[in-house]
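Analysis of the macromolecular model
Next come the chains, spelled out residue by residue.
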Amino acid sequence: MSELPKTFDPGAIEARWYPYWEEKGLFRPERGDAEPFTIVIPPPNVTGSLHIGHALDNTLQDILVRHARLQGKDALWVVGMDHAGIATQMVVERNLESQGVRRTDIGREAFVEHVWEWKAQSGGQITRQLRRLGASCDWANERFTMDPGFSRAVLKVFVDLYRQGLLYRDKRLVNWDPKFGTAISDLEVETKEVQGKFWHLRYPLEDGSGFIQVATTRPETMLADMAVAVHPEDERYRDLVGRKVRLPITGRLIPIVTDEHADPELGSGAVKITPGHDFNDFEVGKRAGFKAADMLNMLDAAARVMQTQDGLIPDELIGMDRFDARKRVAEMLEEQGLLEKVEDRVIQTPYGDRSGVVIEPWLTDQWYVDAATLAKPAIEAVRSGDIRVVPETWKKTWFNWLENIQPWCVSRQLWWGHQIPAWYDDQGNVFVAETEEEAQREAGNRPLRRDNDVLDTWFSSALWPFATLGWPEQTEALKRHYPNDVLISGFDIIFFWDARMAMQGFQFMGEKPWKTLYLHGLVRDAKGQKMSKSKGNTVDPLGLIEKYGADALRFTLAALESQGRDIKLDEKRIEGYRNFATKLWNAARFCQANGIGASKQIEPPKAELPVNRWIIGETVKTVQALDLAMAEFRFDESANAIYHFVWGSFCDWYLELIKPALQGDGAEETRIVAGWVLDQILVMLHPFMPFITEELWHAMGERPYEIILAKWPMPDARALDPEAGPEIDWLIRLVSGIRAARTELGVPPGAKLPLHVRDADARTVERLQRHEAAIQRLARIETISGDAAPAGGAAQIVVEEATFVLPLEGVIDVAAEKARLEKAMQAAAKERDSLSQRLGNPAFVEKAKPEAVEKARADHAEKAAEAERLQAALARLG
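Here's what I pulled together on the structure shown here. Bear in mind that the values here come from a model prediction, so they are computed numbers and not experimental data.

Basis of the calculations
Residues numbered from 1 in each chain as written. Predicted model: local features only at pLDDT ≥ 70, side-chain atom pairs only at ≥ 80, totals over all residues. Heavy atoms only, no water. Pairing = 2+ DSSP bridges. Helix = DSSP H or I, 4+ residues; strand = E, 2+ residues; numbered from the N terminus. Contact = heavy atoms within 4.5 Å. Axes fitted to C-alpha atoms, helices over the stretch in contact; angles between N-to-C directions. Phe/Tyr/Trp six-rings, centres within 6.5 Å; stacked < 30°, edge-to-face > 60°. Buried < 20%, exposed > 50% of the residue type's maximum accessible area, 1.4 Å probe, protein only. Core = buried A, V, L, I, M, F, W, Y, C linked by side-chain atoms within 4.5 Å. Salt bridge = Lys/Arg side-chain N within 4 Å of Asp/Glu carboxyl O. Arc of directions from axis to C-beta. Polar contact = N/O pair within 3.5 Å; in protein donor to acceptor, adjacent residues only side chain to side chain.

Reading across the sheet, the three strands line up as β19-β18-β20 and stay open at both edges, with antiparallel pairing between neighbours. In the strand order of this sheet, the two ends are held by β19 (430–432) and β20 (449–450), each with one partner. Relative to β19, helix α12 (residues 436–443) is tilted by about 135°, and along the sheet it contacts β18 (422–424) and β19.

Have a look at this one:
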């Protein structure tokens, strides 16, 4: 046994134990015959750094992996990084530009070499930060989505999907980033509210007999209008359907069509249709019979006006930036008397999350995956229960999205990423193959050029559950660890990553990628506000680790992780759980000081003393509660079960109750039991607080193995004592009741009071005799008597059939105390009732901000509990 220092220093402990675990290979011990347990990490971007969402996600994963390892399973936590196409290209481009070099100056091959150099020198910062958190990943087999084996899997999937008719080239609208010159995913689009305008335009009918009015937030796009749509049941336009209008500025004749997209209640009820520059209009255009190849495109890749196929845009607008063109088109319409009015309006506008520029719906040729076909087995797997979704409320979202899924655009106009394995001849014929040699064999002697585009990062990461295990090779790891057991994921990537992994898993492995999908919420600030740099309410997990230790942050995140709810992260909670770690540290120091050391057994020891039999039973009940909560992914219930057992049952009660026994005849038994209980605590707590538990595990005595490889406690129900449990529970209720009465009634802490018992049966009398010394010591009681209490004010505590009386005459001013309690109770009740009235008002509950409603509910619960507590204190004085 090595003596613990007086002060708990989490930083020193973390710095010592993590390198030890990793160097000894303890994250992946040899357990070839054991039941496998597998989790894959959501691969962080190679450019990324640890944010609080990562901290939550990886804490939950590490809890599951460490728990499985303690259960003796062959626990594998696959780790690696995503090449993060656009993010990485941005970083390297900026580095080059700071040296006066543009990527176009050096060419693709040289640029990609620069990216690899950057990765070697600066990439992967987040993996070092995950180690600070305590993540016990299989670092020895770290993967990267651009490494040779993974890249081979990506190319094979592309080629196979193409040959199966599930991947094709098509002209459709995409989210186009004009700054980076590439299509981007919906996840990379950030919608912002901006102050804009609503232009009301008048389009002349072809025969000059009148006008039809339309409204738009983007008047420049009228240069590529192809129709005006009205609702089929809108009587105002019944006679105009099928006729044409002549577009101002271009003179193009376009038809008036019917479509339910037009809302008769909105504006004039007529809408301009620009299929090449609006996602809704694209669908309307298809329904109206326009082919994608014929849809007009009036913007180039840099969002400058270019000539349409029909050549009708005036020369003065060609080459103009889209926003300059907006002003000029509005001026030209006003000059022609065709601008009816302009309104100020707040507009929901899409921005590129990295470029910061307005995203353009742009009609372009891209590669698409037939997601609707791939989605069918993923839908059925969740519907049948083959994939378990936790919490189940997310199943509806899963079905809604996958049942209405659109073709998935998988090509990106970047240089960093998996270059698309497609080659073209001079006539535009395409040859898709895993290698250029194979494509050339198919093409014969015709010269070929390779597609310049790369694949969407989500395309490669969708293969993560099986490509990380060696696929397309049929490796032992693949056979043993696919499907994975659990995927821990934020709900915000359920479409972009989770669903696509399910689609590709069924397509290429013929089986689900994981048995359970666990979706957690967002980490918000203490007030429930979403964290953002603009609000200044973000938190740095590494800063929190420096201040409070990794164990405290991990335990906080677990304790706050409640299924289906976002986390409100209050730094006071982290401080509180750091105090919890300190309390455990001090409990271990108490044990050392009293000759209590490491246990030599896993099964519960034999015990005669009621307090020892009780704590053994409480330990077993805690293991049972933990096992049940962990099986149901109730992280908050798991953390709270071990917290209350350690803080309350073990530290506050057991260690206090055994102090006399440690000096008497039961000392040896008590030391054995206390050492065993502390061992069980350290093992149960290890998945949540790995560092302090490993430190205390070794400090308590010689060990044949590290706690990371210890054995999870067995919940032996035979250790539940039907007599000792109720007896010690009775003692705790009595002492707690006396303490509460003393505190609430303002009894001086040092005052020792007599205790009179009334209506006690024989069992209670026996208990009082057995535990007299403990009651006197823990509740500051001078004597315990069955005599009647003296007349005058007194506090009464009822425990089971007996009433315990504390005489208070001469100790406190009973009348003044009654008045104080009455006044405080009325104030609390008044606030409680006021809040109840507000919460009963539907207008408040439905219209107020969610965080305001939640605060009102919390305040109501607090005031209700306060009123109830004060009422109970008054009743005790009765």
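Turning next to the packing of aromatic side chains. Summed over the entire model, instances satisfying the criterion amount to 34 aromatic pairs. Judged by centre distance (5.2 Å) and plane angle (85°), the ring pair of W17 and Y20 falls under edge-to-face. Here W17 and its partner Y20 are both found in helix α1 (residues 10–23), three residues apart, which amounts to about one turn of the helix. Residue Y20 is classed as partly exposed on the basis of its relative accessible area, which comes to 29%.

Counting 200 residues, the largest nonpolar core has W398, F459 and F555 as the members making the most contacts within it. Of the residues forming this core, the biggest block, 12 residues, is contributed by helix α21 (residues 635–657). When sequence neighbours within four positions are dropped, the list of residues in contact with F555 reads Y577, F580, A639, I642, Y643, L685, F688 and M689.

The next subject is the pattern of salt bridges. Inspection of the entire model under this criterion finds 61 salt bridges. The residue D160 makes a salt bridge to K156 at a minimum N-O spacing of 3.1 Å. Within this pair, D160 and its partner K156 are both found in helix α7 (residues 148–163), separated by four residues, close to a single helical turn. Judged by its relative accessible area of 22%, K156 falls in the partly exposed class. Linked through salt bridges whose partners overlap, the residues forming this network are R218, E220, R322, R326 and E360.

On to the pairing of strand β14 (residues 360–369). Burial analysis of β14 places nine of its 10 residues in the buried class, the great majority of the element. The pairing of strand β5 (residues 167–177) with β14 spans 10 bridges and is antiparallel. Considered in β14, the bridge of R172 is made with T364. In the sheet, β14 pairs with strand β16 (residues 408–409) via two bridges, with the strands oriented antiparallel.

Turning our attention to helix α17 (residues 541–548). Buried within α17 are the following residues: P541, L542, L544, I545 and Y548. Looking straight down α17, one finds that the buried residues subtend no more than 160° of arc, so they occupy a single side. Looking at α17, the residues exposed on the side facing more than 90 degrees away from the buried face are E546 and K547. In this structure, the buried side of α17 is in contact with α1, α2 (52–70), α6 (125–133), α18 (550–560) and α19 (571–593). A distance of 3.1 Å separates the backbone nitrogen of L542 from a side-chain oxygen at the start of α17, and that oxygen is part of D540. Phi for G549, located one or two positions after α17, is positive at around 100°.

By themselves, these figures tell us nothing about what the structure is for.
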